[in-house]
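# An overview of the molecular structure
In case you want the letters, here they are:
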Amino acid sequence: MKAIALISGGLDSMLAAKIMQGQGIEVIGLHCSTPFDTCAKKMNGDTSQFMKFVGESLGIPVIVTHLGKEFLDIVKNPRHGYGSHVNPCIDCRIFMLGKAHELMLSHQANFIITGEVANQRDMSQHKPTLRMIEKRAGLLGLIVRPLSAKILPETIPEQKNWIQRDNLFNFNGRNRRPQIELANTLGIHNYSQPAGGCLLTDVNNARKIRDLIEHNLFNLEEVALMRTGRHFRLSPFARLIVGRDQRENKVLEDFVREGDYLFTSPDDTAGPCALGRGEFDGSIVEQACKITCYYCDKNDKMELVIKYKKVPEDCFKEVKVFSVLPEDLKKIRI
Ligand code: SF4
């Protein structure tokens with residue numbers, strides 16, 4: 001028997017795959033990488049590399065599918081609403097299970113495995129919701145959740161004796177100790193911490209995502225840019241993104257496109273690179289310079305000459321400004 005396991009990179013999905021392997025099932029992993037995925041943070045965001053590592057540690061192949069605009073549409077208009085932030089977990093699960101279903105058919109696999117634990121999360125893992133997700137994905141009875149199987153209805157693979165229910169688990173709720181103990185028993189030691197994998201569940205990123213949606217800017221490029229720097233809304237039509245370190249300054253420079261503005265510190269002063277995007281008039285340019293000044297060294301009660309240009313102009317112009325006040329900065333932080 002063969003099964004497709006949804007692999008997030010976290011412990012639960014790894015355990016689920018391992019348990020099924022232990023019952024003699026040939027497991028093929030599927031990782032659905034969304035634009036908000038952070039599971040590969042430790043590998044410089046290289047999801048394929050990270051999944052290769054996860055697959056090798058489980059001894060299974062892991063196929064990575066990158067979800068793009070189609071996933072943004074789900075985030076923008078989730079049929080089943082959001083969780084605590086802008087995480088449309090129910091719609092997301094239905095969508096990912098749909099991808100797993102496609103793979104199941106193309107690989108002539110028999111069922112799907114997930115690492116879901118009943119009642120572990122507010123929204124998508126309540127028992128009736130798990131059932132509803134299964135129906136919506138067209139997979140009723142074909143999703144095995146080995147970690148909670150004993151407290152969930154019997155699945156087709158159990159009824160047909162492809163797998164043994166007695167050797168599955170009854171984990172329930174948020175307590176993670178049973179999973180950690182099981183990981184030790186099964187010899188799984190390298191795994192990501194839970195809930196670290198999706199920017200949609202993070203309060204700071206949720207603000208940025210809502211801002212992009214409200215301003216009709218919710219596209220893949222802006223979502224990628226969202227991961228870098230401090231973001232400020234200067235007007236309904238203008239934003240400034242300020243790098244937090246050298247690496248981010250470089251990333252921002254790579255994002256620059258025609259019509260953007262670049263702001264930098266004076267040559268003799270350490271400071272950030274800032275990317276201005278949108279419609280800038282004289283007063284907004286001055287505001288952007290004051291914000292850039294705030295993050296420069298030596299900005300205390302001291303005017304600095306901030307350099308800026310509109311891309312693709314060759315030469316920087318200069319504006320002498322005092323730093324913005326911290327309380328004013330707070331008001332415009334996205
Ligand atoms: S946390 Fe993110 S990736 Fe996970 S189900 Fe929710 S929306 Fe999807």
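The structure displayed is predicted, hence computed values, not measured ones. (Residues numbered from 1 in each chain as written. Predicted model: local features only at pLDDT ≥ 70, side-chain atom pairs only at ≥ 80, totals over all residues. Heavy atoms only, no water.)

### Concerning the side chain of D12
Heads up, the condition is: Secondary structure counts use DSSP, requiring at least four H or I residues in a row for a helix and at least two E residues in a row for a strand, with both numbered from the N terminus. In protein, a polar contact means a hydrogen-donor-capable atom and an acceptor-capable atom, both N or O and within 3.5 Å, with residues adjacent in sequence counting only if both atoms are side-chain atoms; elsewhere, any N or O pair within 3.5 Å suffices. By definition in these notes, contact holds between two residues if any of their heavy atoms fall within 4.5 Å.
Residue placement: D12 occurs in helix α1 (residues 11–22). Here R176 takes part through its side chain, which lies 3.0 Å from a polar atom of the side chain of D12. Contact partners of D12, with chain neighbours within four places excluded, come to G115, V117, Q120, L147, R176 and Q179.

### Details of the packing of α1 against helix α2 (residues 47–58)
Convention followed: To obtain each axis, a line is fitted to C-alpha atoms, and for helices this fit is confined to the stretch in contact; angles are then taken between N-to-C directions over 0 to 180 degrees. Take the far helix as your reference; a near helix turned counterclockwise from it by less than a right angle gives a left-handed crossing, and one turned clockwise gives a right-handed crossing. Any residue that is not Ala, Val, Leu, Ile, Met, Phe, Trp, Tyr, Cys, Pro, Asp, Glu, Lys or Arg is counted as polar, Gly included; the first ten are nonpolar and the last four charged.
Running from N to C, α1 and α2 point in directions that differ by 35°, and their axes come no closer than 10 Å. The chirality of how α1 crosses α2 is right-handed. Residues M14, A17, K18 and Q21 of α1 pack against V54, S57 and L58 of α2. Here the contact of α1 with α2 is composed, by residue class, of four nonpolar, two polar and one charged.

### Some words on the pattern of salt bridges
Should their charged atoms come close, side chains of opposite charge can pair. The cut-off we apply is this: The rule for a salt bridge is simple: a side-chain nitrogen of Lys or Arg has to be within 4 Å of a carboxyl oxygen of Asp or Glu. Only protein chains enter the accessibility calculation, which uses a 1.4 Å probe; a residue is then buried when its area is under 20% of its type maximum, exposed when over 50%, and partly exposed in between.
If you walk through the whole model with that rule in mind, you get 22 salt bridges. Here R277 and E221 are joined by a salt bridge, their closest N and O atoms 3.3 Å apart. Note that R277 is positioned in strand β9 (residues 273–278) and E221 in helix α9 (residues 220–226), a separation of 56 residues in sequence. Under the relative-accessibility criterion, R277 is labelled buried at 4%. Judged by relative accessible area, E221 falls into the partly exposed class, the value being 31%.

### Let's talk about the sheet that holds strand β4 (residues 111–113)
What counts is decided by this rule: Any two strands with at least two DSSP bridges between them are considered paired.
Pairing within the open sheet is parallel, and its five strands lie in the order β3-β2-β1-β4-β5. Both outer strands of the open sheet, β3 (62–66) and β5 (143–144), are each paired with one neighbouring strand and no more. Examined bridge by bridge, strand β1 (residues 2–6) and β4 share three bridges and lie parallel to one another. When the sheet's bridge partners are listed, A5 is paired in β4 with I113.

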